[in-house]
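# Inside the fold
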Amino acid sequence: MSGKHEMPKKRRNNEKMESRNIREGNVKARKMERPRKEKTGRRGLKIFGRIVLVLVIILVILVGVIAAFITSKLGKMQQVTLDEADLGISSQVEENLSEYRNIALFGVDSRDSNLGKGNRSDCIIIASLNNKTKEVKLISVYRDTYVNIEGHGLDKITHAYSYGEAPLAIKTLNENFDLNITEFATVNFDSVAEAVNALGGVTINVTNEELKYINDYIGETAKVTGLSDQKVTSAGKQTLNGVQAVAYSRIRYTSGGDYKRTERMRTVIEAMIEKFKTKSISEMNQIIDKILPEVYTNITSGDIFSLLPSIASFKVTDSIGWPYETKGITLDRWYGVPVTLESNVKQLHQEAFGEPDYVPSERVKQISNQIIQKTGYTN
């Protein structure tokens, strides 16, 4: 009887041992697998880290190359440094216009590469950039406008650049208009013609009245620039080449006189901006090579480089001709008198800078009274 019961007991003992060995074997196997997995994970992280490092290095190199390329382009400009403390900006104006970056653009009719003293600024445009909304307003100032020029008294604003180059021209704008301009760019009309040609021309609507005068200016502009003097044969919307576009912007004997002429300058600039946006990178590069050597400015390469990321978001939203109300007067020569300077400055700040309750500075009021006393124009 006892022999019959021993076999099942041994079998049970053997089975228990086998089960124990299997469990122990599984535990050992799992312990051996863990280091293998962890090692594989660490190896994967190292590989991923190397990939990220390589990508970062490539990105840094690309940014460096792009920055060097842009800097080399901007280095072609004619640079000058201005003393901002002598540009006639009051602390109150600086506070009021803190959201705006106002840049003076001067177009001179120089017969050579000289863009400094002695040249009258036939084109004066203030590019007003709203740093928050990214809106750009172009404010044209009529060249014959009667204002005060420090050291020269009441005179045409176009003479300020001739008397004291960009610093005096900027100071004249700031003191007569309550502005905060510290930056400028000056170009020759020759460079505008070349830039338009590089763009492949610009689309302009030439009226019948303008057609009577544009060809006279084309001949003169062609002689100055040394470019083709191809005439415009018909009115209507059409593509003008460089000489034709500059000639168009110079027309001043139609109705509207010099005020309409200033408007045409803005029209050409806006057409150039729109055409430039349609160009490929390589085409933009060629155009930049033509334009930058002809630019005289105090805007640094670093300042321009910092603007590049947001420049595409800026949009020209309005064009303003200043002064709004004016009367002509002949003294020693003809002048365009703002009637009055104070009221015109007030309206400018209301429309361009969103200051509905703006009160002009005491300096503007003083100059305004001087103009009234000299001309007798009060309304």
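Residues numbered from 1 in each chain as written. Predicted model: local features only at pLDDT ≥ 70, side-chain atom pairs only at ≥ 80, totals over all residues. Heavy atoms only, no water.

### Thoughts on helix 4 (residues 189-199)
- Burial analysis of helix 4 places eight of its eleven residues in the buried class, the great majority of the element.
- Residues of helix 4 that are buried: Phe189, Asp190, Ser191, Val192, Ala193, Ala195, Val196 and Leu199.
- Looking one or two residues past helix 4, Gly200 carries a phi angle of roughly 85 degrees, positive in sign. (Buried < 20%, exposed > 50% of the residue type's maximum accessible area, 1.4 Å probe, protein only. Helix = DSSP H or I, 4+ residues; strand = E, 2+ residues; numbered from the N terminus.)

### Points about the environment of Ile214
- One can find Ile214 in helix 5 (residues 208-225).
- Residue Ile214 is classed as buried on the basis of its relative accessible area of 0%.
- Spatially, the C-alpha atom of Ile214 lies 7.5 Å from that of Gln244, the residues being 30 residues apart in sequence.
- Every residue in contact with Ile214, bar those within four places of it in the chain, is listed here: Val232, Gln244, Ala247, Tyr248 and Ile251. (Contact = heavy atoms within 4.5 Å.)

### A word on the nonpolar core
- In terms of nonpolar packing, the biggest core is built from 42 residues, with Phe106, Leu173 and Phe177 touching the most fellow members.
- Counting residues per element, this core draws most heavily on helix 3 (residues 158-177), which supplies eight residues.
- Setting aside residues no more than four positions away along its own chain, Phe177 makes contact with Ile126, Val141, Val147, Ile157, Trp322, Val345, Leu348 and His349. (Core = buried A, V, L, I, M, F, W, Y, C linked by side-chain atoms within 4.5 Å.)

### Focus on the packing of aromatic side chains
- For the structure shown, the criterion picks out six aromatic pairs.
- Taken together, a centroid distance of 6.5 Å and an interplanar angle of 45 degrees make the contact between Phe106 and Phe184 tilted. Pair noted here: Phe106 is in strand 2 (residues 100-108) and Phe184 is in strand 7 (residues 183-188), with a separation of 78 residues, a long-range link.
- Ring pairs connect the aromatic residues Phe106, Tyr161, Phe184 and Tyr296, which therefore count as one cluster.
- Stacked on the ring of Tyr335, the Lys or Arg Lys156 has its end atom at 5.9 Å from the ring centre.
- Note that Lys327 overlies the ring of Tyr377, its terminal NZ or CZ placed 5.2 Å from the centroid. (Phe/Tyr/Trp six-rings, centres within 6.5 Å; stacked < 30°, edge-to-face > 60°. Lys NZ or Arg CZ within 6 Å of the ring centre and 35° of its normal.)

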